[in-house]
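Listed here are the chains, written in short residue letters.
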Amino acid sequence: MALTAMQKIAIFFPRAAREQLLGLLQDKGSVEILDLKETALAEEVEIGESPGAGDAERTASDIKRAIDDVSEFEEKGGILSGLAGSKVLISDDDLKGIAESFDFGGAVKEIGDLEARRTELRTKRNHLVAFIERLEPWQDLDAPLEDIAPREVAGVVAGITRRITPDELSQALAEASETADVDVVSAEKQESQLVVFYHISEEEPVQEVLRRSDFEVQTFENLKGLPRDLIAGTRQEIASIDHEIEDLAAKGAELVRHKPHLMIAHDHFIEEARRISAEGLLGATERVGVMQGWIRAEEFDRLSGDIERVVDAAEVMLIEPEEGEEPPIELKNKPVMRPFEVITEMYGMPHSKELDPTPLAGPFFALFFGFCITDAGYGIVLVGLSLLLMKYLQVGRKILWLGFAGGIMTIVMGALTGGWFGVTPEILPSWLGWVGTMRQALMRFDPLEEPMTMFAWAIALGFIQITFGLAIKMVEDFRRKDIMAGIFDQITWIILLWSALLIGLIKMGKVPESYMPGIKWLAIVAALSMIGFTNRVSKNPAVRMGAGIYKLYNVATSSLGDILSYTRLLALGMATGGIAMVINVVALIAKDIPIIGIPAMIFVLVAGHSFNIAVNALGGFVHSARLQYVEFYPKFFEGGGRPFRPFRKELRYTRLVEKSN
Amino acid sequence: MDPIGLAIAILGAAVSAFLAGTGSAIGIATAAQTANGVLSEDPSKFGRVLILVAMPGTQGIYGLLGTFLVLMKLGFFGGGSDVSLTMWQGWQIFFAALPVAIAGLFSAIHQGRTSAAGVELTAKRPEAMIQGIIHSALVETYAIFGLLATILILNGIQL
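What counts as what
Residues numbered from 1 in each chain as written. Chains lettered and ligands numbered in written order. Predicted model: local features only at pLDDT ≥ 70, side-chain atom pairs only at ≥ 80, totals over all residues. Heavy atoms only, no water. Buried < 20%, exposed > 50% of the residue type's maximum accessible area, 1.4 Å probe, protein only. Helix = DSSP H or I, 4+ residues; strand = E, 2+ residues; numbered from the N terminus. Pairing = 2+ DSSP bridges. Contact = heavy atoms within 4.5 Å. Buried area = accessible area lost by both parts, 1.4 Å probe. Nonpolar A, V, L, I, M, F, W, Y, C, P; charged D, E, K, R; others polar. Phe/Tyr/Trp six-rings, centres within 6.5 Å; stacked < 30°, edge-to-face > 60°. 1 Å grid on protein atoms, 1.4 Å probe; cavity = no way out; pocket = protein on both sides within 12 Å on 5 of 7 lines; lining within 4 Å. Points joined across faces, edges and corners; volume = space filled by probe spheres on them.

Asks: A description of the pairing of strand S8 (residues 192–199) of chain A should follow, citing residues and the corresponding values.
Replies: All names here are of chain A. With 6 of its 8 residues buried, S8 lies for the most part within the structure. Sheet analysis places strand S6 (residues 154–161) next to S8, joined by 8 bridges and oriented antiparallel. Residue Gly159 lies in a different strand from S8, and its bridge partner there is Leu194. In this sheet, S8 lies alongside strand S7 (residues 181–187) in antiparallel orientation, the contact comprising 6 bridges. In the strand pairing of S8, Asp181 is matched with Phe197. Counting the residues between successive antiparallel strands, the hairpin from S7 to S8 contains 4 residues.

Set out below in structure tokens:
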């Protein structure tokens, strides 16, 4: 519910110790360095420069290209190893040592040359393939290509016709000329390759016929010999290129041995670049360097001790933020709620005087996720899968924990609505009869038979979450001593919301008629106070009324939209259950296929349900998040905070470990 | 008993799957083409963009569900084979299938465009992928409401 307390600090240090200090800060990773140019000190000190940051960055990006290139030659591992990522585990000292001793320049050049040659060969190969494709239709031509050219007395034209057959063309030519003759090289359904001969004196009429027949003239400039010989020669050339590409691949596979070292060198140079560019954020006088930054309040003592011990004559002190300066924001929650921080972080950080909405949204998120799937069997799979992946993967734990929490709620919702892999009692074989009994015992209602009950649940959740959002805002208003806002903006809204619900329930006969007058009056009083007190500044009654009526209109329409939006939970939940049933029906049909029936059934069940889980887990995640973002957060949450970004190592390919002996 | 009633109801079941499915196919194609362009530059983004590309696929699933719900209403599963519908009941079921069919068709096409833009967003700023997904989901909302309308109408029809 809270934000990490931040303190602004200034560090003074001997000018010469600049690099040492930055190295230490980077290791500790607990200070966000402020750009001194943007502070009041800017005019009094000389701002540091960051020479060479660009060089280090370029080196790192060259190395990265080499890593990408060489990765193509690597043997691919399984999916799990791909997910886990293949980071090099290394100690800090070794990282520096290897990066400085390893001849990365040589390896980068070797890999770069190899890749350049490979690209060149591939381009050449593509050209040759295209050349063959062009000549192939002409391979039955028995004349060398240099002969397809005008002579002293004869015209010789090669070309393609598509619209008309060779016979039709000969006929057309015979009508226009006495000497023209057509040699059919090949005739396919789509197009025919022809060579046309004629006496030079008939050039014009022949060309005219060819034009009319859409005869596509082909020229073979600079080509000599029979087409089939040319094709055979080119094929040989391609074979030798393929051979060389294979050799290169073998050589590339050998170069893969450089990859771990390149990864280490990359991270070393990236960190160097980051450290050098951080120098540009610092300032200095003739002898003394200065920097300002933010630190988590709880880490101040430890860090100032570390700095003063490592950097001689350094001095760390707390300073006051400048007028209007906001501290950076870091969310701080109990471990159970921490994974839900992802949801808030994606939406945007709260500002420094706001509460962190994560623990307020988290339980709803998990519940909605469960609602979107409502299948206990799927829930068990999700829980199991999340636990399994958490055990094997280093990354993505927060998301996996969300999957776990959502999975638990899915089991609950699934049990209540009788969803167990979409099975219905009729399709169960007799030895699985107990599943049907258990399902029946846990089930409260079947959404496919009573969708209106599910509908009511979804609407009820909407009422609860929106009221909750308004109530949070009300408490915030009271805490800020803005009693008027709490009463006239939030309480009136809550009353209107619930009186609309109650009036609806009375009309449906679910609530006794006798409450009607009381509720009506309450609603009227709430509406009137909203009209009168939405604008609490103006003295002009017309302005106040205008603002109030507009607010009332907005409250009515947006509440209706907000609450109906929660009905998506019903539709998504039924979609999961319905598709699960479809899969089972198809599997039963597959079972009746002779011989392969049972394997086919198992395949349909496994593939179908896996697909359904994946699609609906994604849908459940996205739509549960949306309900927080669009319907819930705007009721009380402003956001606009700047996330805390401490200056630290952000290694891409390596993970630092304690030095092992 | 009027065979035309049953035929019209089955037309509803068919339309639900084929219109929503067509929409999904178009939507995914749009997003996938953009994704292929992105992958030609950076194949490592496949996992990230795949989710965005797959998103317009849900409408087809909703459409299939619509078909299933209509068939269930008609008693095709579970042995109730003595279906007898008047022509007007057939039309009722046909109209009930329209919201999921048509909302699915159009929302999937537009969700495909939104997803394609999301793919481009992810290409430039990989960390913004989730925002792209949420925007794509905003479009999908109306297919969900179409499905909801179909469910509610089907539930209300008396056979």
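There's plenty left to go through after this.
Asks: Would you mind going over the interface of chain B and chain A in detail, with residue names and values included?
Replies: At the interface, 26 residues of chain B touch 29 residues of chain A. Taken over both partners, the interface formed by chain B and chain A buries close to 2,300 Å², and the fraction arising from carbon and sulfur atoms is 86%. Listed by contribution, the elements that provide at least two residues to the side of chain B that touches chain A are helix H3 (58–73) and helix H5 (129–156) of chain B. Ranked by residue count, the leading element in the side of chain B that touches chain A is H5(B), at 15 residues. Tallied by class, residues from the side of chain B that touches chain A come to 21 nonpolar, 4 polar and 1 charged.

Asks: I'd like a rundown of the packing of aromatic side chains, residues and numbers included.
Replies: By convention here, two paired aromatic rings are described through the distance between centres and the angle between planes. Taken as a whole and judged by the stated rule, the model has 29 aromatic pairs over all chains. Aromatic side chains Phe371(A) and Trp457(A) sit 6.5 Å apart centroid to centroid with 70° between the ring planes, which places their arrangement in the edge-to-face category. Highlighted residues: Phe371(A) in helix H12 (residues 358–373) and Trp457(A) in helix H16 (residues 451–479), separated in sequence by 86 residues. According to the relative accessible area criterion, Phe371(A) is buried, its value standing at 1%. Ring centres 5.8 Å apart and planes at 25° place the aromatic pair Trp91(B) and Phe95(B) in the stacked group.

Asks: Got a sec to walk through empty space enclosed by the protein? Specific residues and values, please.
Replies: Under the defined criterion, the tally for this structure stands at 2 cavities of 30 Å³ or more. The space that makes up the largest cavity amounts to roughly 180 Å³. Forming the walls of the largest cavity are 16 residues, and the residues nearest its centre are Thr417(A), Gly419(A), Asp446(A), Leu448(A) and Gly577(A). Considering every element that reaches the lining of the largest cavity, the biggest residue donor is helix H20 (residues 568–591) of chain A, with 4 residues. Counted as a void, the second largest cavity has a volume near 60 Å³. As for the second largest cavity, its lining consists of Leu572(A), Ala575(A), Val615(A), Asn616(A), Gly619(A), Thr58(B), Ile61(B), Tyr62(B) and Glu140(B).

Bear in mind that shape data such as this cannot, by itself, settle questions of function.
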